[in-house]
Protein chains: 2
Amino acid sequence: MQVNYWNKEIETADRAEIEAIQLEKLQHIIKAAFKTPFYSRHFKKLGIKSPRDIKTFEDFRKLPLVSKEDLRRGYPNGFLAGENYDDVVRMHSSSGTTGIPTVIYWNREDLEAATDLVARCLTAAGCTRSDIFQNMMSYGLFTGGLGLHYGAERLGMMVIPIGGGNTIRQINTMRDFGTTTLHITPSYLMHLATAIKEHGIALETLSLKRAIVGAEPHTEETRRKLEEIFNIDCYNCYGLSEMNGPGLAFECVYKNGLHIWEDSYILEIIDPATGELLPDGETGEVVVTCLNRRAMPLMRYRTRDLAHVYTDMCQCGRTHRRLSRIKGRTDDMLIINGVNVFPSQIEEVIMKIPEVGTNYMIHLTKSGAIDRLTVKVEIYSKMFSGDPVELDILKDKISEELRASIYIHPRVQLHEPGILPTFEGKGKRVVDERGEF
Amino acid sequence: MQVNYWNKEIETADRAEIEAIQLEKLQHIIKAAFKTPFYSRHFKKLGIKSPRDIKTFEDFRKLPLVSKEDLRRGYPNGFLAGENYDDVVRMHSSSGTTGIPTVIYWNREDLEAATDLVARCLTAAGCTRSDIFQNMMSYGLFTGGLGLHYGAERLGMMVIPIGGGNTIRQINTMRDFGTTTLHITPSYLMHLATAIKEHGIALETLSLKRAIVGAEPHTEETRRKLEEIFNIDCYNCYGLSEMNGPGLAFECVYKNGLHIWEDSYILEIIDPATGELLPDGETGEVVVTCLNRRAMPLMRYRTRDLAHVYTDMCQCGRTHRRLSRIKGRTDDMLIINGVNVFPSQIEEVIMKIPEVGTNYMIHLTKSGAIDRLTVKVEIYSKMFSGDPVELDILKDKISEELRASIYIHPRVQLHEPGILPTFEGKGKRVVDERGEF
Ligand SMILES: [Zn+2]
Ligand SMILES: [Zn+2]
């Protein structure tokens, strides 16, 4: 497979080099943080008097974890490094569905660094300056649209800033300009497959090579399906506006996890209940520090996203660690007899057992002071005779595999296919009848 | 008044320097044009073998005038300088309401030059890096949105890329971030005045200083009204995607015509019927050559817009000539006994006569081979007693002033206020009953 680098030296740097870069950049971020209302308050409390007080990762981990609520409480300028917007060239803000928006500020150097990183991401996904990039994401305050636009331009692709909507025009544009690369949501890409056929165009006549699919969580199965339908590569990306948007982590052409650019971010995976750092490989909350933004320093930001880090080396030669797909949100976390369990962990185990269908339910009840977990699964009819002995063996197998994964021994109930309710999301699969705490 | 320059040397260069720059840049454009299907065909026909064959403005005027239809016929790559899109970093296209869109390509240097020019425009309108720029125009393939965005960023303003719509969010953003500069359509700005009041915000509490009003034709009266309501300055800008969008011509703080950047564009005003060059001061079709775009050279492009050039020097010290407001479209042009007449010329004359109201109609009839022009106007009741002698004097006055302006002696009919139909646009005020030609 062809592997291109945007900045080979940085992308293949060894751990010691990466960590040296991190600690050096951290000095500048701490320096900027002193100019913000939020950090100046916290630094005082923590007795941090100068950037030199944060010299090691151990020092770093004394800094407070920052939540979305902290950002909201600081609206609009609690995290702004400076008295005014004179050095700021860009403001983005979240749509603020829950009320107060969260705001991001960039100065010129911050924007420059963010743009460079997106160009690196796109290069990792195989894009070159000869590619035709049709940006089907919405522009505006959403960082994904303008972020990929800037990165693609930096890389030298021909950027078609078409934005979302108007499917017929999207399709005609793909055809007339030989678009090779889409930036699109997975659901719109799925819709596009039908629309292109209805428009009387054969997919083979298009020049599509790949799609950057983002802004919506989607499963590996959805990716595979989209790749098959279009005969293209689909690349997963991960970003959040608080962390400069789309440049945070991106899949390389090997598509086995998302390289998080550790020269520009410090990644931590923590136990969302205790805030303690987890070792690589364990699933927990993604906590990120942006090392590229001085107009608005933000360190140890709790993303509420759950993922784990891959520990093996990637075939592409990049040394930056890889994040798994986001497995869920901390908001979904269940605490069962003091143990953190995510519905997605249960789903993962179940899906690997061939005798089991894709439908399941999670029930939580209380027996005295003890939480009881019951997992109801549908058996996959074609693989199963209905012999009660076989059923018991399967039950034990599921129970045992769940215990190995979530450290809780659940009760397992098997059901015939079509008995359990079907849902789109994960949330509704959990029925918690333990009452108030 | 405070006058700032973005590039003082260029902006205040004398005519000889400007023309030298034009001819020098033209060499590069001609060189690029040889690589396009359209121009290579035309150059062969005209016997142009090298850029050196176009050394003077006289040579230049031998080049063909190019129409929107030529662009459409060349869809998508008839004006692309090169075999592929490798050097192209941006494509824009018109919405193509009439069918085939028109397409614009920029290479990196083209985009750079276009961006620099928008920064120059914004500086001319008094913007500085301390300003907060809320871009309320739609992003995407429309060049106005991204064009102003890039220019404002280059200037170092804080750009809020909010795009169009969601008025409440727009207003909250203005309030919370102290927006000083809006980029907005005149009709949306008018709507905003009401919306802000309804939202319970006093206009004086906002930090607004100015608005760049574009994308819609509007009158001087509308501008004055908006300036009064908001107590801000409104700046008119002129651009079209075929000419790189918004950087073409912009008002300076003196607001007496739009400086067209002649180091980057060659401006001609032609008689739309004959194609002949008109002297400065006469109204005709705006024809523009872009000197900043090599990925897609476009020379002597007929904009179909009607305007004239101001001949007096501007107080700001800029030497680049000023374009009047666009007075209409060549599509509106009437040919009366062989003379080109624009309804806007008639409107202009009528509006200057205090005894006349704002409502009028233009009737064209045939008397044998001769065209007859009748102008029906409503008199302004408050200024008029109804004395028949006075009415005749007024009639003659209107007729004489129209003749002096359009070189045709019209019949004038006076009407009481409220008699003539009222319209929003100009087109319907013309009733042409001369039949088919
Ligand atoms: Zn890799
Ligand atoms: Zn001026």
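Calculation rules
- Residues numbered from 1 in each chain as written.
- Chains lettered and ligands numbered in written order.
- Predicted model: local features only at pLDDT ≥ 70, side-chain atom pairs only at ≥ 80, totals over all residues.
- Heavy atoms only, no water.
- Donors = N, O, S within 2.8 Å, 3.2 Å for Na, K, Ca; no water.
- Tetrahedral: all angles 85-135°; square planar, octahedral: opposite > 155°, others 65-115°.
- Buried < 20%, exposed > 50% of the residue type's maximum accessible area, 1.4 Å probe, protein only.
- Helix = DSSP H or I, 4+ residues; strand = E, 2+ residues; numbered from the N terminus.
- Contact = heavy atoms within 4.5 Å.
- Least-squares fit on C-alpha atoms with pLDDT ≥ 70 in both.
- Buried area = accessible area lost by both parts, 1.4 Å probe.
- Salt bridge = Lys/Arg side-chain N within 4 Å of Asp/Glu carboxyl O.
- Polar contact = N/O pair within 3.5 Å; in protein donor to acceptor, adjacent residues only side chain to side chain.
- Axes fitted to C-alpha atoms, helices over the stretch in contact; angles between N-to-C directions.
- Parallel < 35°, antiparallel > 145°, perpendicular 65-115°, else oblique.
- Left-handed = near helix turned anticlockwise from the far one by under 90°.
- Expected span 1.5 Å × (residues − 1).
- Arc of directions from axis to C-beta.
- Pairing = 2+ DSSP bridges.
- Domains from an automatic or database assignment.

1. Concerning the coordination of the zinc ion (ligand 2)
Residues and elements named next belong to chain B. The protein atoms that coordinate the zinc ion (ligand 2) are C252 (SG), H259 (NE2), C314 (SG) and C316 (SG), at distances spanning 2.1 to 2.3 Å. Classification of the site at the zinc ion (ligand 2) as tetrahedral follows from its four donor atoms and the range of 100 to 118° in their angles at the metal. Read N to C, the donor residues that coordinate the zinc ion (ligand 2) are spaced as C-x6-H-x54-C-x1-C. The exposure class of C316 is buried, given its relative accessible area of 2%.

2. Here we look at the environment of E401 of chain A
Residue and element names in this part refer to chain A. Examined against the element boundaries, E401 turns out to sit in helix α12 (residues 388-406). When the C-alpha atoms of E401 and I350 are compared, they prove to be 8.6 Å apart, with 51 residues separating the residues in sequence. Contact partners of E401, with chain neighbours within four places excluded, come to V349 and I353.

3. Remarks on the relation of the copies chain B and chain A
For these two chains of identical sequence, chain B goes onto chain A by a turn of 180° and a shift of 0.0 Å along the axis, with RMSD 0.1 Å. The superposition operator between the copies reduces to a two-fold rotation axis. Considering only C-alpha atoms, the part of chain B nearest the rotation axis is Y139 of chain B, at 3.1 Å.

4. Regarding the interface of chain B and chain A
Every contact between the two is made by 40 residues of chain B and, on the other side, 40 residues of chain A. Carbon and sulfur atoms make up 55% of the area that chain B and chain A hide from each other, which totals about 3300 Å². Counting across the interface, chain B meets chain A through four salt bridges. Here R90 of chain A makes a salt bridge to E153 of chain B, at a shortest N to O gap of 3.2 Å. For the interface between chain B and chain A, the tally reads 30 residue pairs in polar contact (both at pLDDT 80 or more).

5. Description of the packing of helix α9 (residues 186-198) of chain A against helix α10 (residues 220-230) of chain A
All names here are of chain A. Viewed as axis vectors pointing N to C, α9 and α10 meet at an angle of 30°, and their least axial separation amounts to 11 Å. By the angle class used here, α9 and α10 are roughly parallel. Between α9 and α10 lies a crossing of left-handed hand. Facing α9, whose interface residues are P186, L189, M190, L192, A193 and I196, α10 presents T222, K225, L226, I229 and F230.

6. Remarks on helix α12 (residues 388-406) of chain B
Residues and elements named next belong to chain B. Look at α12: 27 Å from first C-alpha to last across 19 residues, which is about the 27 Å you get at 1.5 Å a residue. Restricting attention to buried positions, one finds in α12 the residues L394, I398, S399, L402 and I406. Down the axis of α12, the smallest arc covering the buried residues is 130°, so these residues share one side. In α12, those exposed residues whose orientation departs by more than 90 degrees from the buried face are V389, I393 and D396. Residue D387 occupies the N-cap position of α12, its side-chain oxygen lying 2.9 Å from the main-chain nitrogen of V389. Backbone geometry just downstream of α12 places Y407 in the positive-phi region, at approximately 65°.

7. Concerning unusual backbone geometry
That bond from Y75 of chain A to P76 of chain A is cis: its omega, -5°, falls within 30 degrees of zero. Locating P76 of chain A in the fold gives a position in the loop between α5 (68-73) and β1 (88-93). Here the phi dihedral of R304 of chain A falls at roughly 70°; this positive angle occurs in a residue that is not glycine. At N231 of chain B, a residue that is not glycine, the phi angle is positive and equals roughly 55°. Secondary-structure assignment places N231 of chain B in the loop between α10 (220-230) and β7 (233-240). Of the residues examined, N231 of chain B reaches a relative accessible area of 69% and is grouped as exposed.

8. Remarks on the environment of E242 of chain A
Residue and element names in this part refer to chain A. Among the structural elements, E242 can be located in the loop between β7 (233-240) and β8 (245-251). For E242 and I326, which are 84 residues apart along the polypeptide, the C-alpha to C-alpha distance reads 17 Å. Those residues in contact with E242 that sit more than four places away from it in its chain are K68, L71, T102, I104, R293, L298 and Y301.

9. Let's talk about the packing of helix α11 (residues 343-351) of chain A against α12 of chain A
Residues and elements named next belong to chain A. Between α11 and α12, whose axes approach to 10 Å, the crossing angle comes to 140°. The orientation of α11 with respect to α12, classified from their angle, is oblique. Considering how the two elements wind past one another, α11 and α12 form a crossing that is right-handed. Mapping the contact onto sequence places Q345, I346 and V349 in α11 and E401, L402, S405 and I406 in α12.

10. Points about the sheet that holds strand β10 (residues 265-270) of chain B
Across the sheet, which stays open at both edges, the four strands sit in the order β10-β11-β12-β15 (chain B) with antiparallel pairing between neighbours. The open sheet terminates on both sides in strands that have one partner only, identified here as β10 and β15 (328-329) of chain B.

11. Quick word on the coordination of the zinc ion (ligand 1)
Residues and elements named next belong to chain A. Looking at the metal site, the zinc ion (ligand 1) is ligated by C252 (SG), H259 (NE2), C314 (SG) and C316 (SG), spaced 2.1 to 2.3 Å from it. Seen from the zinc ion (ligand 1), its four donor atoms lie at angles of 101 to 117°, and the figure they make is tetrahedral. Read from N- to C-terminus, the donor residues coordinating the zinc ion (ligand 1) fall into the pattern C-x6-H-x54-C-x1-C. With H259 in strand β9 (residues 258-260) and C316 in the loop between β13 (309-310) and β14 (322-323), the pair connects residues that are 57 residues apart, well separated along the chain.

12. Topic: the sheet that holds strand β12 (residues 301-307) of chain A
All names here are of chain A. Taking strand neighbours across the sheet as the criterion, the four strands line up as β10-β11-β12-β15 in an open arrangement whose pairing is antiparallel. Each edge of the open sheet carries a strand with a single partner, namely β10 (265-270) and β15 (328-329). With six bridges connecting them, β10 and strand β11 (residues 284-290) associate as antiparallel partners. Bridge assignment links I266 to a residue of β11, and that residue is T289.

13. Description of the domain arrangement of chain A
Residue and element names in this part refer to chain A. When the domains of chain A are assigned, the result is domain 1 (1-331) and domain 2 (339-432). Relative to domain 2, the C-alpha centre of domain 1 lies at a distance of 34 Å. Tallying the contact residues gives seven residues for domain 1 and five residues for domain 2. With both sides pooled, the region where domain 1 packs onto domain 2 buries about 520 Å², and carbon together with sulfur makes up 54% of that total. Joining domain 1 to domain 2, the criterion identifies zero salt bridges. There are zero residue pairs in polar contact (both at pLDDT 80 or more) connecting domain 1 and domain 2.

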